[in-house]
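Report on the structure
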Amino acid sequence: MRRLPVYFVLDVSESMVGSPLRQLESGMEQIVRSLRTDPHALETVYLSVIAFAGKADLIAPLIDVVSFYPPRLPLGSGTALGHALDCLMDCIDRDVIKTTNEKRGDWKPVVFLLTDGKPTDDTASAISRWQNSFSEKAQLVAITLGDQSDTSLLGKLTEHVLQFDGSDNKQFKEFIDWVSNSVTATSHAVEANTGSVSLAKKPAGLTLVKNVPQHSSSVIDESVVVLTGRCQKSERPYLIKYNRSKDNHFANRQFELEGAFGVEENYFVWSAEGTTDQQIGTENLEGFPPCPHCGNHTAFAMCGCGKLLCTNGPGLFQCPWCRKNGEFSVEGGSSDFDVTRGRG
Ligand SMILES: [Zn+2]
Ligand SMILES: [Zn+2]
């Protein structure tokens, strides 16, 4: 049986923290459940997952649908698309069985690339490697989540650049159904036609992007601000996520709190060095959450070293980042200050 390798290359940058990451994890489960109900997909489809943030890595090696177990997705700071593409191409080179005179190899692999931001690494060499050696022997579908991605850059990889703007769980489920149906349809079509990927009818919220050049936007145009802190009690890291304010109720407060989310220590492994050096003033932020780990009153206190930690109010503290002792004298802090912010 010739296999149809399907790769998911998933952006797990920190802007995905919270519901987008949970949706993506349950989306992978939904895809597997759906493929298992189709006898043809069950026989031919093989799945693999590559994740990328500041680093890129294979997190689920190519395996048949029955044996595939949706991986827990990591999170990190940065969007290393160039690394992700190189990782993908190395995997294709290694995994996919080539057709020879003696033997018919695998079907042309299909790649679903999902990203929500602009690359933070150099993509030029990976893109030319793709164009020169892979654009003919694999098929890539690029899907941007929201409107912050560089669609003209993605357009260099594929004619299939789609933008998903769905806002709720229902639309996300329909989007995931579309992915499953496209995989199933392709697994049926390969026998008849070794040509292109068969994309299912697009649901609401998913549109084909015409490749118009975008002007690069500055930091202030970004839709999400994510800050990194550590719990003073447990020392575990957390992310505080803000979304750009949709209405202008908050005079000069441009970002509204979504929440604080505990993350694993491997957040730092998946983060690129130097991607957490941007600054944003607290005067731009609306809302300060409690600590997601210990419930301390605020997750938004700052040590003299410039890092965020949680605290229950004024008093002595030991910084979980630099280990120095200090004292918070004013509850909540009375003046605005700058904090170091990550880059998704
Ligand atoms: Zn805490
Ligand atoms: Zn410190």
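Now for a description of the structure that goes with this document.

So, how was this worked out
- What you see as residue numbers is a count from 1 along each chain, following the sequence as written.
- As a convention, the first chain written is A and the first ligand written is 1, with the rest following in written order.
- For a predicted model such as this one, the threshold for reporting local features is a pLDDT of at least 70, and the threshold for listing and counting side-chain atom pairs is 80 or more; totals across whole chains, interfaces and linings nevertheless cover every residue.
- With hydrogens and water excluded, all non-hydrogen atoms of the structure serve as input to the side-chain values.
- With water omitted from the atoms examined, metal sites may look incomplete; donors here are N, O and S atoms no farther than 2.8 Å from the metal, or 3.2 Å in the case of Na, K and Ca.
- A four-donor site is called tetrahedral if each angle lies between 85 and 135 degrees; a four-donor site is square planar, and a six-donor site octahedral, when trans pairs exceed 155 degrees and the remaining angles lie between 65 and 115; all other cases are labelled irregular.
- By definition, any uninterrupted DSSP run of H or I lasting at least four residues is a helix, any uninterrupted run of E lasting at least two residues is a strand, and each is numbered from the N terminus.
- Per-residue accessibility, obtained with a 1.4 Å probe over protein chains only, is compared with the maximum for each type, and a residue is labelled buried under 20%, exposed over 50%, and partly exposed between these values.
- Among the buried residues, those of types Ala, Val, Leu, Ile, Met, Phe, Trp, Tyr and Cys that are joined through side-chain atoms within 4.5 Å form a nonpolar core.
- Segmentation of the chain into domains, including their bounds, is taken from an automatic or database domain assignment.
- Any two residues having at least one pair of non-hydrogen atoms within 4.5 Å are treated as being in contact.

**Things to note about the coordination of the zinc ion (ligand 2)**
For the zinc ion (ligand 2), the full set of protein donor atoms is Cys303 (SG), Cys305 (SG), Cys319 (SG) and Cys322 (SG), and the range of their distances to it is 2.3 Å. Each of the four donor atoms bound to the zinc ion (ligand 2) contributes to angles spanning 104 to 117 degrees, and the resulting shape is tetrahedral. Read from N- to C-terminus, the donor residues coordinating the zinc ion (ligand 2) fall into the pattern C-x1-C-x13-C-x2-C. Here Cys322 lies in the loop between strand S15 (315-318) and strand S16 (325-328) and Cys305 lies in the loop between strand S13 (298-302) and strand S14 (308-311), a separation of 17 residues in the sequence. The exposure class of Cys322 is partly exposed, given its relative accessible area of 27%.

**Quick look at the nonpolar core**
The biggest cluster of nonpolar side chains holds 49 residues, and the ones touching the most others in it are Phe8, Phe112, Ile143 and Phe175. At the level of elements, strand S1 (4-11), helix H1 (19-36), strand S2 (45-52), strand S4 (110-115), strand S5 (139-145), strand S6 (160-164), helix H6 (169-192) and strand S8 (224-230) are the ones that each hand at least two residues to this core. Take this core: its biggest share by element is seven residues, from H6. Of the domains in this structure, domain 1 (4-208) and domain 2 (219-341) are the two that each give at least three residues to this core. Once residues lying within four places of it in the same chain are set aside, the contact partners of Phe175 are Leu114, Ile143, Leu145, Phe164, Pro203 and Leu206. Grouped together as the second largest cluster of nonpolar side chains are 28 residues, Cys87, Val96, Leu153 and Leu157 included.

**Quick word on unusual backbone geometry**
In this structure, Glu235 takes a positive phi of about 65 degrees despite not being glycine. Relative to the helices and strands, Glu235 is located in the loop between S8 and strand S9 (237-244). For Glu235, a relative accessible area of 28% gives the class partly exposed. Not every positive phi belongs to a glycine, and Arg323 is a case in point at roughly 75 degrees. Within the fold, Arg323 resides in the loop between S15 and S16.

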